[in-house]
Amino acid sequence: QSWTVVPDFTHHAHSASLSAVAVNNRYVVTGSRDETIQIYDMKKKIEHGALLQHNGTVTCLEFYGTAHLLSGAEDGLICIWNTKRWECLKSIKAHKGHVTSLSIHPSGKLALSVGTDKTLRTWNLVEGRSAFIKNLKQNAQIIKWSPSGEKYVTVITNKVDVYKLDTASIAGTITTEKRISSLTFITDSILAIAGDDEVIRLFNCDSQKCLCEFKAHENRIKDIYSFEREGQHVIVTASSDGYIKMWNLDLNKIKDMPTLLCEVNTKARLTCLAVWFDQASEIKENSNKATTSSQANEDEKSSIVRKKKVCWTDKSDKTPKRGRKITPEKRKLETPLQKKKKKLKSS
């Protein structure tokens, strides 16, 4: 059965190219080279606001459940956001160089990050502090937890190192001919890898053997995403050729080429990809993050720090100044103060 893809909501989000995108059951957030994070409410199909905490290209964004968002940027900061009030709970100077990638453990208690300072850092999200630092021989571009949280992978140019959580040591290495641009876990042991060519490769994490490879696009693949729906494993790919394609993967016939479910030509040079589900409760995402425990984690994480900075732009100002941040309290005070000034002038 073929699927169809139609544009549902389009918005000119940023003044520069998009560098990261993330979704939860309600919001889509986008990061850009213009140093801002834009928020979109997908239930209402409207622009919701902007976050201006970073001074540098926003390189990575990741939600945990419905309550929290983590962002990383070229300024070396990782910011923890509360998505109920969109306030910055904690701003951590994570790396001496750029933050290139981050990944939240399925439990929500740990996060990993890599940066251009050749380090892999483990973060205690409950206490908002560094837990462990591992020096790498080279800069890693991507880090990602497996769905179970028992292993994680790092990408250094064309090499994937598979780490086991219990030993924190490399259990195996996967090497490709071209530079790797994106990867996603299909299951806890099957990894889909995309790079600077037109081919998707599926690998077994435990044996590091290539299970299948197929040509997906006419140009290099920029991002790849996967999810499971009604027992069906779906791979979504985005390429510089402008096409988004969705593939059905039969795990029982892993050596066979996945069947194309649908494709759409966006006529744009795609840079990143995420999948938002209208009925989130009916779909088990491949990241396997338990939203039922998000409230408990919110209570834990809120103890990290009290309100630090609220980073909304004032919608009444059509050309907001860089770094201008207006709290709801200040916004409420603006009108009465203006009235007092008018009375004084008239008297």
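Fair warning: this is a prediction, and the values are worked out from it, not measured in the lab. (Residues numbered from 1 in each chain as written. Predicted model: local features only at pLDDT ≥ 70, side-chain atom pairs only at ≥ 80, totals over all residues. Heavy atoms only, no water.)

(A) Geometry of the overall build of the protein. A tally of helices and strands in the protein yields two helices and 26 strands. In the protein, of all internal contacts separated by at least 6 residues, the share reaching a separation of at least 24 is 43%. Surface summary for the protein: the accessible area is close to 17400 Å², and the carbon and sulfur share equals 48%. (Helix = DSSP H or I, 4+ residues; strand = E, 2+ residues; numbered from the N terminus. Contact = heavy atoms within 4.5 Å. Areas by Shrake-Rupley, 256 points an atom, 1.4 Å probe, with all protein chains shown as cover.)

(B) Quick look at unusual backbone geometry. Positive phi, normally seen in glycine, also occurs at Lys45, with a value near 60 degrees. The topology assignment puts Lys45 in the loop between β3 (37-41) and β4 (46-51). On the accessibility criterion, Lys45 (29% relative accessible area) is partly exposed. In this structure, Thr157 is a non-glycine residue whose phi angle is positive, near 55 degrees. (Buried < 20%, exposed > 50% of the residue type's maximum accessible area, 1.4 Å probe, protein only.)

(C) Highlighting the pairing of strand β20 (residues 210-215). For strand β19 (residues 199-204) and β20, the ladder comprises five bridges, and the chain directions are antiparallel. By the bridge assignment, Val199 is partnered in β20 with Lys215. With antiparallel pairing between neighbouring strands as the criterion, β19 and β20 make up a hairpin whose turn holds five residues, including Gln208 at a positive phi of roughly 60 degrees. (Pairing = 2+ DSSP bridges.)

(D) A look at the packing of aromatic side chains. Throughout the structure, instances matching the rule amount to six aromatic pairs. Taking the centre distance of 5.2 Å and the plane angle of 85 degrees together, the rings of Tyr27 and Trp86 count as edge-to-face. Separated by 59 residues along the polypeptide, Tyr27 in strand β2 (residues 27-32) and Trp86 in the loop between β7 (77-82) and β8 (87-93) bring together distant segments of the chain. Judged by centre distance (5.0 Å) and plane angle (10 degrees), the ring pair of Tyr152 and Tyr163 falls under stacked. One end of the pair, Tyr152, is in strand β14 (residues 151-156); the other, Tyr163, is in strand β15 (residues 159-164), and eleven residues separate them in sequence. You'll find Tyr152 and Tyr163 in the same group, each marked buried. An aromatic cluster of three or more residues is present, and its members are Trp145, Tyr152 and Tyr163. Sitting over the ring of Tyr243, Lys245 keeps its end group 5.8 Å from the ring centre. (Phe/Tyr/Trp six-rings, centres within 6.5 Å; stacked < 30°, edge-to-face > 60°. Lys NZ or Arg CZ within 6 Å of the ring centre and 35° of its normal.)

(E) Summary view of the sheet that holds β15. Spatially, β13-β14-β15-β16 is the arrangement adopted by the four strands of the open sheet, whose pairing is antiparallel. Because the sheet does not close on itself, it has two edges, and the strands there are β13 (142-145) and β16 (169-175). Pairs of neighbouring strands in the sheet enclose a mean axial angle of 20 degrees, with direction left out of account. Inspection of the sheet shows β15 paired to β16 by six bridges, in the antiparallel sense. Bridging from a neighbouring strand, Tyr163 pairs with Ile170 of β16. (Axes fitted to C-alpha atoms, helices over the stretch in contact; angles between N-to-C directions.)

(F) Structural detail: the sheet that holds strand β18 (residues 190-195). Pairing is antiparallel in the open sheet, where four strands are placed in the order β17-β18-β19-β20. Looking at strand neighbours, the two that pair on one side only are β17 (180-185) and β20, the edges of this open sheet. Across the sheet, the mean angle separating the axes of adjacent strands is 20 degrees when strand polarity is ignored.

(G) Molecular detail of the side chain of Thr30. Note that Thr30 resides in strand β2. Taking the relative accessible area as the measure of exposure, Thr30 reaches 6% and is therefore buried. A polar atom in the side chain of Thr30 sits 2.7 Å from the side chain of His14. (Polar contact = N/O pair within 3.5 Å; in protein donor to acceptor, adjacent residues only side chain to side chain.)

(H) A look at the UniProt feature "repeat: WD" (unreviewed entry) in the protein. UniProt records the feature "repeat: WD" (unreviewed entry) at residues 11-43, 51-91, 92-133 and 214-250, using the numbering of this structure. Split by type, residues 11-43 is 0% helix and 52% strand. Its first and last C-alpha atoms lie 15 Å apart. Annotated as residues 214-250, this span is 0% helix and 70% strand, and its ends, taken at the C-alpha atoms, are 14 Å apart. (UniProt positions renumbered as here; feature names shortened; annotations may be inferred.)

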